[in-house]
Amino acid sequence: MKRLVFLFSSLLAMQGIFSQTITVNAESNILEMAHLKEGTSKYVVYFTDSLHRQKTSGDIWERTTTFAALKDRPVVHFSWNWYHHDVLQSQIINICNQKTLAPVFHKAIYNDTLVVAYDFNQEAMIPSDTVPRNVMLGREGKKLGIPIISWEQDLETFPLLPITKIGQEFKIAFFDPNKEAATYHRYKVIDQRSLKLAKDVEVLCWVLKIEYDASAYGLFWISSESREFLKSQEYFNGHYRYKVKLF
């Protein structure tokens, strides 16, 4: 009987991988977690106008992934430092389950003063009472409704998607703790093409696209071989925002 249940579960998982739309959340077990690596990556982030003329100086994002243990459970410790004009503008710390990316803890510090922190369980996000100066204390928690993955870790999550062909679609349960409700967001693999990194260096990449609304979208380049996030281009309000990995 156990063998039949195992075979049935395996068939369902394979059906999810090869169907056109794949649901990705903290319970689907669809992410290819072997591609999640420890280390620090840096990105330059800047805006241009619709003619691609640079309008802002580049901010620097420094994002670090570390494997750790919390109460004897394997977790991922993720930190994101956002520097604007060489000043630390914000710092995000997320702790999540190492096998599923289900969030366990979130803390954000803005301009070195405003502190927002939450603890997570399977059903809700609750203001943390273990973090000093947490401005969310005293507020009600948020029921999530779906098994979320932190949207703040999108650049680290994209390389884990089981991408095999152009045309695949992924419904991802990304959730921003600053938003009111958790929902799914649809990404589609629209191309596989070379991305030029330098004069003599090109990397074959999968290209993901999300349509935020009728007039806003995002494109994301993920290396086909090394499974790294390398670049994004987002368009909204008549401007482009770029994120480019620094080497």
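See above for the structure.
Residues numbered from 1 in each chain as written. Predicted model: local features only at pLDDT ≥ 70, side-chain atom pairs only at ≥ 80, totals over all residues. Heavy atoms only, no water.

Engineer: Would you mind showing me how to read the pattern of salt bridges here?
Structural biologist: Pairing between side chains of opposite charge can happen when their charged atoms approach one another. For the structure shown, the criterion picks out eleven salt bridges. Look at the salt bridges and you will find they share partners, linking Arg63, Asp154 and Glu156 into a network. (Salt bridge = Lys/Arg side-chain N within 4 Å of Asp/Glu carboxyl O.)

Engineer: Looking at this structure, how should I read the packing of aromatic side chains?
Structural biologist: The description of two aromatic rings rests on the distance between their centres and on the angle between their planes. For the coordinates displayed, the defined rule picks out 15 aromatic pairs. Aromatic side chains Phe158 and Phe174 sit 6.0 Å apart centroid to centroid with 75° between the ring planes, which places their arrangement in the edge-to-face category. With Phe158 in the loop between helix H2 (154–157) and strand S11 (169–172) and Phe174 in strand S12 (residues 174–175), this residue pair connects regions lying 16 residues apart in the sequence. Taken as a pair, Phe158 and Phe174 share a single burial class, namely buried. Seen from their ring centres, Tyr217 and Tyr235 are 6.0 Å apart, and the 25° between their planes marks the pair as stacked. Of this pair, Tyr217 sits in strand S15 (residues 216–223) while Tyr235 sits in strand S16 (residues 229–236), and the two are 18 residues apart along the sequence. The ring of Trp80 carries the charged tip of Arg63 above its face, separated from the ring centre by 4.9 Å. Taking the ring centre of Tyr217 as reference, the NZ or CZ of Lys209 above it sits at 5.2 Å. (Phe/Tyr/Trp six-rings, centres within 6.5 Å; stacked < 30°, edge-to-face > 60°. Helix = DSSP H or I, 4+ residues; strand = E, 2+ residues; numbered from the N terminus. Buried < 20%, exposed > 50% of the residue type's maximum accessible area, 1.4 Å probe, protein only. Lys NZ or Arg CZ within 6 Å of the ring centre and 35° of its normal.)

Any functional reading would require information beyond the geometric quantities listed.
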